[in-house]
Amino acid sequence: MSYRDRDTIVRLSATMSDAQMAKFLGCTGTAIRYWRDRHGLPRSTAVSTGGIRWKTNRDFFAKIDTPEKAYALGFIIADGCIHKNGKAVTLVVKESDAAILQSIADAAECDAPLHPKVSRGGFGGVDRQQVALNLSGRKLTSDLASLGVRANKTFTATLPAIDPGLERHMIRGLWDGDGWVGQHQFSLIGTDAVVTGTVEAIERHTGRKLRHCPSNGFPRIYGGRKDRAVMQWMYADVSISLERKAEAFRLYWSQTPRT
């Protein structure tokens, strides 16, 4: 989503003034007006009323009772940012992974558009295009806190106790956020409590016990070809997942090896 894009300007003009669009898209009001004129679009008739309030199901995490809620919980534990003011949780992914944020937004009944971001000077000094989703509401973040997901979760996160039938969806959310799926191995990093809880859950459901090793100050668990059942437990026949990791599963892990 870019302020240079004609369709973006048309869509946002229905509900936002130029000033609101500029704030939302991370540019200046002058840039919005320039690209509007360049595309031959009329000026927005929306009136600025201060902050934009988007709808979200504030009770989304009150009870983890669907695969989508369990998945979103795992993804937030791995890759979410809980605002210290308790007003929202933000998820950021690279632009090519935007579909997973839209899936989470749809599940949470959130009508906020994904927000474009730029990560400056990343790997190799190259800027990276990203998108962000804000799920707002003190009730929502309070329910996350009751599940052990708080603002300082990088060092304190635990694996919440949820319905065992939904654990594979929560752990897939973890894997999509902080894990890796390769051709010969798959792995996950996290806090001691998260990786220990994940190992125990996986062993209960599949009989496979993943191995531990340290990784950049955080514990890492990993599995190999003999642990194929773990990947099948997590990714087979699911309604929500990160497409590039689901594709890696389909390519490397979905078939039972020949004997």
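Look up a bit, the structure's there.
The sections below set out a description of the structure shown in this document. Remember, it's a predicted structure, so these values are computed and weren't measured experimentally. (Residues numbered from 1 in each chain as written. Predicted model: local features only at pLDDT ≥ 70, side-chain atom pairs only at ≥ 80, totals over all residues. Heavy atoms only, no water.)

## Quick look at the overall build of the chain
As a reminder of what qualifies: Here a strand is any run of E in DSSP of at least two residues, a helix any run of H or I of at least four, and the numbering for each starts at the N terminus. Pairs of residues are marked as contacts when any of their non-hydrogen atoms sit within 4.5 Å. For every accessible area listed, the method is Shrake-Rupley and the probe measures 1.4 Å; residues are considered covered only by the protein chains on display. Counted as positive: Lys and Arg. Counted as negative: Asp and Glu. His and the chain ends are not counted at all. Taken as the charge centre is NZ of Lys, CZ of Arg, CG of Asp or CD of Glu, depending on the residue.
The helix and strand tally for the chain stands at 11 helices and 8 strands. Summarising the internal contacts of the chain: among those between residues at least 6 apart in sequence, 67% fall at separations of at least 24. Accessible area for the chain stands at about 13300 Å²; split by element, carbon and sulfur atoms hold 50% of it. Each charge sign in the chain was given a centre, from 37 positive and 26 negative side chains, and these centres are 4 Å apart.

## Observations regarding helix α3 (residues 29-38)
The condition that has to hold: Each residue gets one of three labels from its accessible area relative to the maximum for its type: buried under 20%, exposed over 50%, partly exposed in between, using a 1.4 Å probe on protein chains only. Here the arc refers to the set of directions running from the helix axis out to each C-beta atom.
Of the positions making up α3, those classed as buried are Ala31, Ile32, Trp35 and Arg36. Down the axis, α3 shows its buried residues gathered within 130° of arc, on one side only. Of the exposed residues in α3, the ones pointing more than 90 degrees away from its buried face are Thr30 and Arg38. Against α1 (6-13) and α2 (18-25) lie the buried residues of α3. Backbone geometry just after α3 places Gly40 at a positive phi near 70°.

## Topic: the nonpolar core
Side chains that are nonpolar tend, in soluble globular proteins, to be buried together. This is how it is decided: Note on terminology: a nonpolar core comprises buried Ala, Val, Leu, Ile, Met, Phe, Trp, Tyr and Cys residues joined through side-chain atoms within 4.5 Å.
Formed by 59 residues in total, the largest nonpolar core has its most connected members in Phe61, Leu73, Leu101, Ile104, Leu144 and Trp175. Here this core gets 8 residues from one element, more than from any other, and that element is helix α4 (residues 67-79). The residues touching Leu144, leaving out its near neighbours within four places in the chain, are Phe61, Leu73, Ile76, Ile82, Val89 and Val149. Judged by nonpolar contacts, the second largest core, of 13 residues, contains Leu12, Cys27, Ala31 and Trp35.

## Some thoughts on the sheet that holds strand β1 (residues 80-82)
Heads up, the rule is: Should DSSP find at least two bridges between two strands, the strands are regarded as paired. Each axis is a line fitted through C-alpha atoms, and for a helix only the stretch in contact is used; angles between axes span 0 to 180 degrees, taken between their N-to-C directions.
Taken in spatial order, the 4 strands of this open sheet run β1-β2-β4-β3, and their pairing is antiparallel. Edge positions in the sheet fall to β1 and β3 (115-119), since each of these pairs with one other strand and no more. Strand-to-strand twist in this sheet, taken as the mean axis angle between neighbours without regard to direction, amounts to 30°. As paired elements, β1 and strand β2 (residues 88-94) share 3 bridges and run antiparallel to each other. Opposite Gly80, over in β2, you have Leu91 as the bridge partner. On top of the sheet, α4 reaches β1 and β2; it is set at about 80° to β2, its chief contact. On the sheet, helix α6 (residues 138-146) packs against β1, β2 and β4 (128-136) and is oriented at approximately 80° with respect to β2.

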